[in-house]
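Survey of secondary and tertiary structure
Each chain, written out:
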Amino acid sequence: EVTLSSLNLQGVAREVLDLGDDDVAERVEQILLSVAQTILKGDGLSYTIPSRASGNQLYIPELDRIVLRDKVLMRQFGNTSTVRKCAITTRILELVHELCTKGIHTTKRDLFYTDVKLFKSQNESDDVLDDVACLVGSTRTSLNVVASEKGVVIGRLQFVEAGDEIDCMRMGVGGKAIPPYIDRVSNIRSDAEFILLVEKDAAFMRLAEDRFYNKFPCIIITGKGQPDVATRQFLRKIQRELKIPILGLFDSDPYGLKILTVFMKGSKNMSYDSANLTTPDIKWLGVRPSDIARYRIPAECRLEMTDHDIKTGKELLEVRHWASSAKRDCALASRK
């Protein structure tokens, strides 16, 4: 299997690892010890953090995903422009260390509420949490901080979650919420012939109510729009274990295509962890913009493109790693 390290590329940052609690706690201690030593030397409090900016990202064709380059940023307590982020970074390192030494988990929302006056908004604590993952060199889930449950799965899938047997055909029409702690999912079994990845919750509910998976043996998953980390990890995990194809059902608009690329190639915000979050070999069923004319979909079933939709479509056309057929459909979707 081709890996980033085996390619031996220059100017590319190392990838983060899926670490255990003890390893994360040890790395945090090493970081803070190094910081303490620089303070004692009179150099002040600062962190050297990998940049997650779009200009520091690179698409690797051999891996078919985005990775980080090796540019770093200095976050100094003695600099007025970075003093708050430096303080937030220190606080989150402290909280992550506490979680890992106690062997417990928390949500991003609960993490924010531990120090509302310092963080001010959850966007700030979420952003620095990703920085801390890069700094520690671990996946974000290794920090024991997860997002609230969002994605859902139903169909011909059984697995063990934290010791409990789960049968996704016995979860009612609402399906089983994808667990945020993917490391606790084991013993995955299925007789499904494929995985159907659905963008919208409404489409998922229609398929679930019709028991689509009984007629066509499959597993149905939705991230309910923009997918969270747990849904992307879960999809990758079951596909690698079951080795069955994934078929994607997404809206024929630029936003639907953008969500598809997040599953396949990764997101810019989480590019440092793309190795654990991407599933490149998704077959896009549709609905493709070219299908609108091909199947004579009536005008009353369509929505007018907004200026924001068109802007998103044009941005996607600039993405280097899109196949030519996808670009043609994206160009169609970007027209008013």
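What counts and how
Residues numbered from 1 in each chain as written. Predicted model: local features only at pLDDT ≥ 70, side-chain atom pairs only at ≥ 80, totals over all residues. Heavy atoms only, no water. Pairing = 2+ DSSP bridges. Helix = DSSP H or I, 4+ residues; strand = E, 2+ residues; numbered from the N terminus. Axes fitted to C-alpha atoms, helices over the stretch in contact; angles between N-to-C directions. Contact = heavy atoms within 4.5 Å. Buried < 20%, exposed > 50% of the residue type's maximum accessible area, 1.4 Å probe, protein only. Expected span 1.5 Å × (residues − 1). Salt bridge = Lys/Arg side-chain N within 4 Å of Asp/Glu carboxyl O. Patch = residues over 30% accessible without salt bridge, like charges linked within 9 Å, V, L, I, M, F, W, Y side chains within 5 Å. Areas by Shrake-Rupley, 256 points an atom, 1.4 Å probe, with all protein chains shown as cover. Lys, Arg positive; Asp, Glu negative; His and termini not counted. Charge placed at Lys NZ, Arg CZ, Asp CG, Glu CD. Parallel < 35°, antiparallel > 145°, perpendicular 65-115°, else oblique. Left-handed = near helix turned anticlockwise from the far one by under 90°. Nonpolar A, V, L, I, M, F, W, Y, C, P; charged D, E, K, R; others polar. 1 Å grid on protein atoms, 1.4 Å probe; cavity = no way out; pocket = protein on both sides within 12 Å on 5 of 7 lines; lining within 4 Å. Points joined across faces, edges and corners; volume = space filled by probe spheres on them.

Some thoughts on the sheet that holds strand β11 (residues 185-189)
The sheet built from three strands is open, its strands ordered β9-β8-β11 with antiparallel pairing. Both edges of this open sheet fall to β9 (164-167) and β11, since each of them pairs with a single strand only. Taken over all neighbouring pairs, the strand axes of this sheet differ in orientation by 20° on average, direction set aside. Strand direction decides the pairing type here: strand β8 (residues 158-161) and β9, joined by four bridges, are antiparallel. Of the residues in β9, the one forming a bridge with Q158 is D167. In this fold helix α9 (residues 229-242) packs onto β8 and β11, with an angle of close to 45° to the strand it touches most, β11.

Observations concerning the pairing of strand β12 (residues 194-198)
The element β12 is largely enclosed, with a buried count of five among its five residues. Pairing of β12 with strand β13 (residues 218-222), which is carried by five bridges, proceeds in the parallel orientation. Paired with V198 across the bridge in β13 is T222. Pairing analysis gives four bridges linking β12 to strand β14 (residues 246-249), with the strands arranged parallel. Considered in β14, the bridge of I195 is made with I246.

Re α9
If you check α9, its first and last C-alpha atoms are 20 Å apart, about what 14 residues at 1.5 Å a residue would give, namely 20 Å. Burial analysis of α9 places 11 of its 14 residues in the buried class, which makes it a mostly covered element. Residues V229, A230, T231, R232, Q233, F234, L235, R236, I238, Q239 and L242 constitute the buried set of α9. K243, located one to two residues past α9, shows a positive phi value of around 55°.

Notes on the pattern of salt bridges
Applying the stated criterion across every chain, the model contains 17 salt bridges. Between K108 and D126 there is a salt bridge, and its shortest N-O distance comes to 3.8 Å. With a gap of 18 residues between them, K108 in helix α4 (residues 108-113) and D126 in helix α6 (residues 122-136) connect regions that are remote in the sequence. The class of K108 is buried, set by a relative accessible area of 17%. Owing to a relative accessible area of 16%, D126 belongs among the buried residues under this scheme. In this structure, D210 and R206 form a salt bridge, with 3.1 Å as the shortest nitrogen-oxygen distance. A network of salt bridges, in which partner residues are shared, links R52, R75, K85, D127 and D131.

A word on the sheet that holds strand β7 (residues 152-155)
The strand order across the open sheet built from six strands is β10-β7-β13-β12-β14-β15, with neighbouring strands paired in mixed fashion. Only two strands of the sheet have a single neighbouring strand rather than two, namely β10 (176-177) and β15 (282-286). In this sheet, β15 lies alongside β14 in parallel orientation, the contact comprising four bridges. Residue pairing for β15: L247 is matched across the bridge by K283. Running at roughly 165° to β15, helix α10 (residues 254-265) makes contact with β12 and β15 of the sheet.

Thoughts on a negative patch on the surface
On the surface, D22, D23, E26 and E29 cluster together into a negatively charged patch. Tracing the backbone through its elements, the reader meets D22 in helix α2 (residues 21-40). Among the residues examined, D22 registers a relative accessible area of 66% and is labelled exposed.

Here's the deal with the packing of helix α3 (residues 83-102) against α6
Running from N to C, α3 and α6 cross one another at 70°; their axes reach a closest spacing of 9 Å. Viewed along their axes, α3 and α6 adopt a mutual orientation that is roughly perpendicular. Crossing angle aside, the handedness with which α3 passes α6 is right-handed. Contacts between α3 and α6 pair R84, K85, I88, T89, I92, L93 and V96 from the former with E124, S125, D127, V128, L129, V132, L135 and V136 from the latter. When grouped by side-chain class, the residues that make up the contact of α3 with α6 number nine nonpolar, two polar and four charged.

Here we look at unusual backbone geometry
The backbone phi angle of A162 is positive, close to 50°, even though this residue is not glycine. Its location among the elements puts A162 in the loop between β8 and β9. Overall, A162 belongs to the exposed group, its relative accessible area being 53%. Even without a glycine there, the phi angle at K243 is positive, about 55°. By secondary structure assignment, the location of K243 is in the loop between α9 and β14.

Overview of empty space enclosed by the protein
If you walk through the whole model with that rule in mind, you get one cavity of 30 Å³ or more. Volume-wise, the largest cavity comes out at about 40 Å³. Along the walls of the largest cavity sit L4, A13, R14, E15, V67, L68, S271 and Y272, which together make up its complete lining. Within the lining of the largest cavity, the residues separate by chemical class into five nonpolar, one polar and two charged.

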